[in-house]
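Residue strings, one per chain:
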Amino acid sequence: MKPSTIRRWSFVHTWASLVCTLFLLMLAITGLPLIFHHELEHLLGEAPRLREMPADTPRLDLQRLVEAAELQRPDEVVQYLGWDDEDANALTVIMAASAGTEPNASHTFGLDARSGEAFGMPSANGGLMMFFLRMHVDMYAGLPGKLLLAFMGLLFVLAIVSGVVLYAPFMRRLQFAEVRRHKPHRTRWLDLHNLIGIVTLSWALVVGITGVVSACADLLISAWRNESLAALVEPYRDAPPLQHRAPASDLLRIAETAAPGMQADFIAFPGTRFSSEHHYSVFMKGSSHLTSHLWTPVLIDAATLEVTAVGERPWYMDMLSMSQPLHFGDYGGRPMQILWAALDLLTIVVLGSGLYLWWKRRGKGREVKP
């Protein structure tokens, strides 16, 4: 590689890294507890706790559960009703002043499917874990914050790629993974920076790319609403406003018949951004480890309970659904969590050492000036 080419790539690597490093450090630090969010919620006493009941206690009719939720917050409406992956008796309810209220202004709590008893979910409405999540997702800045973090993620990917380009000619003079311990302090840190960077390369690319995709979630969901969902509800475009909403009792049976072999993940009620003014949307998921993250929406007329469409997943929604478990490493149990945490800590070392190396080189440059 020509010296001029190396200088150009070095310029790209230096400034792409510098611009995004502080944001990446914040993301790495806030992302670390999110890897263990279930365990930390239990430790902090924020995990849902259901009352002990006999194992064969039947679950309430779905409409009765909706009514139980409405009694908890009588001035609000149910937006979403979802099932807990770890306990089938625990339902998650999201309510707000109106169906179209944006997510951060909604209130989340739990319902026991057997009794209709409500229980708090502090981590979904505030507290330490929610602080980490909001900082990691949008820095409490909404869509502008998400887009800023998406741009920082792109710079991070560019820094990784440019670092790999520079690593090849650099390592020609050294043995693989060599750290020159007899050299000055800055040189040893440079070798460690390069070594840890190349070890975490694949993981950093996966986390960086999936982070960019997740940060663009609002845009992808908006595209899905304007394209796929709009096409599915086109026959209702000129329909009069919904006057009567049929009970939700049979929604699961209807959806399971329309999408055999799948199970319900959550229900979007009429008027929410995952549904329309005239439909219940039951989002079904597969039973395998892979398909459990992929949604198939079943649209059910909210007045007649007739299935009007079973939506196909556009590629970008599949990409969004798969990016989130990949980003947080929460699909492979405790070993995967520990691996993700170790790689996260190593990435913090890479980011910190990069700042140190830039600062030392900058200081050295000032010293040689006349």
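Quick caveat, the model's predicted, so the values are computed rather than measured.

### Things to note about the pattern of salt bridges
Considering all chains together, one arrives at 13 salt bridges under this definition. Measuring nitrogen to oxygen at the nearest pair gives 2.8 Å for the salt bridge that ties Asp-85 to Lys-285. Taken as a pair, Asp-85 in the loop between β1 (77-83) and β2 (90-96) and Lys-285 in strand β6 (residues 279-285) lie far apart in primary sequence, 200 residues in all. Taking relative accessible area as the criterion, Asp-85 reaches 64% and is therefore assigned exposed. The partner of Arg-114 in a salt bridge is Asp-112, with the nearest N and O atoms 2.8 Å apart. Through salt bridges that share partners, Asp-85, Asp-265 and Lys-285 make up one connected network.

### As for the environment of Gly-271
Within the secondary structure layout, Gly-271 lies in the loop between β5 (263-268) and β6. A residue is classified by how much of its surface remains accessible, and Gly-271, at 15% relative accessible area, is buried. Taking the C-alpha atoms as reference, Gly-271 lies 55 Å from Arg-7; in sequence the two are 264 residues apart. Aside from chain neighbours lying at most four places away, what touches Gly-271 is Ala-99, Gly-100, Ser-276 and Glu-277.

### Some remarks on the pairing of strand β8 (residues 307-310)
Strand residues, when the strand is regular, have side chains that alternate between the two faces of the sheet. Pairing of strand β7 (residues 295-301) with β8 involves three bridges; the strand directions are antiparallel. In the strand pairing of β8, Leu-299 is matched with Ala-309.

### Things to note about helix α1 (residues 3-35)
The terminal C-alpha atoms of α1, which comprises 33 residues, lie only 42 Å apart, well short of the 48 Å expected from a rise of 1.5 Å per residue. Of all bends in α1, the biggest is about 50 degrees, found at Thr-21.

### Here's the deal with the confidence of the model for the protein chain
For the protein chain, per-residue confidence averages 88 on the pLDDT scale, and 94% of positions sit at 70 or higher. In the predicted structure, residues 366-370 sits below a pLDDT of 50 and forms zero contacts with residues beyond four places in sequence or in another chain.

### Side note on the sheet that holds β6
Taken together, eight strands build an open sheet; the order of strands is β4-β3-β2-β1-β5-β6-β7-β8 and the sheet is antiparallel. Only two strands of the sheet have a single partner each, and these edge strands are β4 (118-120) and β8. Recorded for the sheet is a direction-independent mean angle of 25 degrees between the axes of neighbouring strands. Of the strand pairs in this sheet, β1 and β5 are connected by three bridges, and their pairing is antiparallel. Pairing of Gly-82 across the sheet is with Phe-266, part of β5.

### Here we look at the packing of aromatic side chains
In total, this model carries 17 aromatic pairs according to the counting rule given. Here the aromatic rings of Trp-315 and Tyr-316 are separated by 5.7 Å at their centres, their planes lie at 85 degrees, and the arrangement is edge-to-face. Accessibility expressed as a relative area gives 62% for Trp-315, which makes it exposed. Since its relative accessible area comes to 9%, Tyr-316 is described here as buried.

### A look at the side chain of Ser-162
The topology assignment puts Ser-162 in helix α6 (residues 142-171). Discounting chain neighbours no more than four positions away, the residues touching Ser-162 are Trp-9, Val-12 and His-13.

### A short note on helix α5 (residues 127-137)
Among the residues of α5, those classed as buried are Met-129, Met-130, Phe-132, Arg-134, Met-135 and His-136. A positive phi of about 55 degrees marks Met-139, the residue just after α5.

### Notes on a nonpolar patch on the surface
There is a patch of nonpolar side chains on the surface, built from Leu-43, Leu-44, Leu-128, Phe-131 and Tyr-140 and spanning about 520 Å² of accessible area. Along the chain, Tyr-140 falls in the loop between α5 and α6. You can call Tyr-140 partly exposed: its relative accessible area is 43%.

### Focus on the environment of Ala-96
Looking at where Ala-96 falls in the secondary structure, it is placed in strand β2. By relative accessible area, which is 1% here, Ala-96 ends up buried. Here the alpha-carbon distance between Ala-96 and Thr-108, two residues 12 residues apart in the chain, equals 8.9 Å.

### Brief notes about unusual backbone geometry
Look at Met-139: it is not a glycine, yet its phi comes out positive at around 55 degrees. Residue position: Met-139 is located in the loop between α5 and α6. The exposure class assigned to Met-139 is partly exposed, which follows from its relative accessible area of 22%. A positive phi angle is found at Tyr-140, which is not glycine, with a value near 60 degrees.

### As for the packing of helix α8 (residues 201-215) against helix α11 (residues 315-328)
Here α8 crosses α11 at 130 degrees, and the two axes come no closer than 9 Å. Compared by their axis directions, α8 and α11 come out oblique. For α8 against α11, the interelement crossing comes out left-handed. Here α8 contributes Val-207, Thr-210, Gly-211, Val-213 and Ser-214 to the contact with α11, which in turn contributes Met-319, Leu-320, Ser-323, Gln-324, Leu-326 and His-327. The residue inventory of the contact of α8 with α11, partitioned by class, reads five nonpolar, six polar and no charged.

About the criteria used
Residues numbered from 1 in each chain as written. Predicted model: local features only at pLDDT ≥ 70, side-chain atom pairs only at ≥ 80, totals over all residues. Heavy atoms only, no water. Salt bridge = Lys/Arg side-chain N within 4 Å of Asp/Glu carboxyl O. Helix = DSSP H or I, 4+ residues; strand = E, 2+ residues; numbered from the N terminus. Buried < 20%, exposed > 50% of the residue type's maximum accessible area, 1.4 Å probe, protein only. Contact = heavy atoms within 4.5 Å. Pairing = 2+ DSSP bridges. Expected span 1.5 Å × (residues − 1). Bend = angle between axes of the 7 residues up to and from the residue. pLDDT = per-residue confidence, 0-100. Axes fitted to C-alpha atoms, helices over the stretch in contact; angles between N-to-C directions. Phe/Tyr/Trp six-rings, centres within 6.5 Å; stacked < 30°, edge-to-face > 60°. Patch = residues over 30% accessible without salt bridge, like charges linked within 9 Å, V, L, I, M, F, W, Y side chains within 5 Å. Areas by Shrake-Rupley, 256 points an atom, 1.4 Å probe, with all protein chains shown as cover. Parallel < 35°, antiparallel > 145°, perpendicular 65-115°, else oblique. Left-handed = near helix turned anticlockwise from the far one by under 90°. Nonpolar A, V, L, I, M, F, W, Y, C, P; charged D, E, K, R; others polar.

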